[in-house]
Amino acid sequence: MSVGTAIAMAVGLRLHRPAGRAIWRLLACGQMMYVGGDVAYFTATAGGDTSYPVLANLLYVSQYVFVAAALVLLGRRRSPQRNVAALVDTAILTVAAAVLWWVFLIHPAVTGPGFSALDRVGATIYPIMDLCLLTVAIRLLLGGGARQRSYQLLLTFLGLTLFADTAYALMSLHGVYEAGGWSDAVYLTSYVALGVAALHPSMRQMAEPVERRSGATLYRVVLLAMATSTAPAVLIVQNLRHDESSDLVVVTASAVLFLLVLTRMAGLISAQRRIAMTDGLTGVYNRRFLSEALRARSERALRHGGTFAMLLADVDHFKNINDTYGHPVGDQVLREVARRLRDTCRGTDVVARFGGEEFAVLVTGEVPDGLPALAERLRERIAGAPVLVDGGTAIAVTVSVGAAVLPGSASTEALLIATDAALYAAKRGGRNRVVTNDPERATPAGSDPADIDRQIQRWTMVVSESLRHADDTGVPASMVAGVCAAWALMRTAGPGRPALSAEQARAELLRCSGVQFHPRVLDEFLALERAGVIGTPETAAAPQLAATLG
């Protein structure tokens, strides 16, 4: 039957010409080693010699080596990236299986009476080879990805072979094995499964790279829970049988399992933390992490009397890219922009996606050649080469960059407003340029109603954040936005209507306190305005702004 399986793999290779042909050649070599072992065994025992021939053993063991090598190669092709979680899970399952193999197979054969030295060696080598084969099979199984029919048949071959090996070892240990019994039928079935796997057309895709699977699925958690409870369960069974011969091995395995589980938990915590602070599309930090880093940097600057700086980079005409090429291409552009920003900045700087097509860089420490030079390097790095997307299409991409540096005594909200002001100045100046904000100016002077509307959103965010820090979370965001919009409208000049002064605008807001505006929101807004965080959106587009505000 092994010869037929090897022939089937040769035919499959010729018919389907799959990727990773070496995998099937190794499997075929493994089957031929098994055929050679059978020939050597029957030749040596034809004269009535009941001892197990050494050559046959070597050939049988060689089959395991070839099959394991094929599985390792298949696993590397399907999952070329390193997967630490899968490696730890594989180790946990392997240690659990090793406990069972040692207690119920290896140790009884090694220490039991009536076994020759060659039998003891065989009783040790074959379970160890099965364990090695099980290890690479588990790693392959945990790799995830599409499971083609050929792949499923290959796993069936492995499962049936390991089951038959274990059954044969147990029956031989207890002296009940009979040639031609049901365990041999299991072997034959496994070879049929391997031959069909080689002939099935899906063998072409079996070795192609697959998408990495999450390691937190329910079935895997249950499987790992069962594996970690194996050693304590075996220890209980051994104590009930009054057999303490393997206690040291089982206790050691329990300790190893405990350490592996701790490692796995640490990996899960690290992965969840990484997900929580990383933008899923671009791979840079998200806005939540930026806020925490900005707060920490502000506190450090305040303690040591230094400064803290930030850059905002906005992809120019990004909507046109989405409208022209589609959103998937727009996503590729954002990923490439994020990569170039990350590569250009220092390792200590925090690069984050601020929102939409806007990225932020929190500058840590002093910049040797100055903040404007760093901002210009970022702009040049983006504009220096077009972004290549699917199909080789080259898209010219530029960014507008705003930069600001403030003393440590300033608030993080002031830095955000100042950087945002510089960014909009760069956009109004024609885009694809850098503007460094004047530290004494905290608000943008825009002419675009959309810019003003966005500034109102910024102010709303600042006031809401300030209220949250004051543990006043019961105020709807719409009330905050109403105050910010009213301030923008009053401080904006329009046709036949001059802008109100800051004093007049404050008086108008206070006159409506408790009637139109929430008193707590109004107090917080005016406090921030007096601190210079809220400024004046100067514009000539008051009619459009008025329409926007209703």
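Small disclaimer: the values here were computed from a predicted structure and weren't measured.

Reading guide: rules and limits
- Residues numbered from 1 in each chain as written.
- Predicted model: local features only at pLDDT ≥ 70, side-chain atom pairs only at ≥ 80, totals over all residues.
- Heavy atoms only, no water.
- Helix = DSSP H or I, 4+ residues; strand = E, 2+ residues; numbered from the N terminus.
- Buried < 20%, exposed > 50% of the residue type's maximum accessible area, 1.4 Å probe, protein only.
- Contact = heavy atoms within 4.5 Å.
- Pairing = 2+ DSSP bridges.
- Axes fitted to C-alpha atoms, helices over the stretch in contact; angles between N-to-C directions.
- Salt bridge = Lys/Arg side-chain N within 4 Å of Asp/Glu carboxyl O.
- Parallel < 35°, antiparallel > 145°, perpendicular 65-115°, else oblique.
- Left-handed = near helix turned anticlockwise from the far one by under 90°.
- pLDDT = per-residue confidence, 0-100.

1. Details of the environment of Ser 298
Argument step 1. For Ser 298, the location among the structural elements is in helix α11 (residues 287–304).
Argument step 2. Here Ser 298 falls in the buried class, since its relative accessible area comes to 10%.
Argument step 3. C-alpha separation for the pair Ser 298 and Ala 309, spaced 11 residues apart in sequence, amounts to 9.4 Å.
Argument step 4. Beyond its immediate sequence surroundings of up to four residues, Ser 298 is in contact with Phe 308, Gly 408, Ala 410 and Thr 412.

2. Digging into the side chain of Ser 183
Argument step 1. By secondary structure assignment, the location of Ser 183 is in helix α7 (residues 182–199).
Argument step 2. Since its relative accessible area comes to 1%, Ser 183 is described here as buried.
Argument step 3. Each residue touching Ser 183, except ones within four places of it in the same chain, is listed here: Ala 164, Met 171 and Tyr 177.

3. Re the sheet that holds strand β1 (residues 307–315)
Argument step 1. A sheet is described by the order of its strands in space; here 5 strands give the open sequence β2-β3-β1-β6-β7, paired in mixed fashion. On the outer flanks of this sheet lie β2 (350–355) and β7 (434–436), each paired with one strand and no other. The sheet shows a mean angle of 20° between the axes of neighbouring strands, taken without regard to direction.
Argument step 2. Pairing of strand β6 (residues 399–407) with β7 involves 3 bridges; the strand directions are parallel.

4. Some points on the pattern of salt bridges
Argument step 1. Summed over all chains, the structure comprises 14 salt bridges.
Argument step 2. A salt bridge links Lys 319 to Asp 323; its shortest N-O distance comes to 2.9 Å. Here Lys 319 pairs with Asp 323, and both are found in helix α12 (residues 318–325), just 4 residues apart, close to one helical turn. Neither Lys 319 nor Asp 323 differs from the other in exposure class; each is exposed.
Argument step 3. Here Arg 506 ties to Glu 529 by a salt bridge, and the two come within 2.7 Å at their closest N and O atoms. On the criterion of sequence distance, the pair formed by Arg 506 in helix α18 (residues 502–511) and Glu 529 in helix α19 (residues 519–530) is long-range, its members being 23 residues apart. Exposure class is identical for Arg 506 and Glu 529. Each is buried.

5. Structural notes on the packing of helix α17 (residues 477–490) against α18
Argument step 1. As a packed pair, α17 and α18 sit with axes 10 Å apart at the nearest point and diverge in direction by 140°. In this view, α17 runs oblique relative to α18, as classed from their interaxial angle. The element α17 and its partner α18 pack so that their crossing is right-handed. Seen from α17, the contacting residues are Ala 486, Trp 487 and Met 490; seen from α18, they are Ala 502, Ala 505, Arg 506, Glu 508 and Leu 509.

6. Observations regarding the confidence of the model for the protein
Argument step 1. Across the protein, pLDDT averages 83, with 89% of residues at or above 70.
Argument step 2. In this model, residues 438–447 is a region of pLDDT below 50 whose contacts with residues beyond four sequence positions or in other chains number 31 contacts.
Argument step 3. Note on residues 538–550: pLDDT under 50 across the span, and 28 contacts to partners over four residues away in sequence or across chains.

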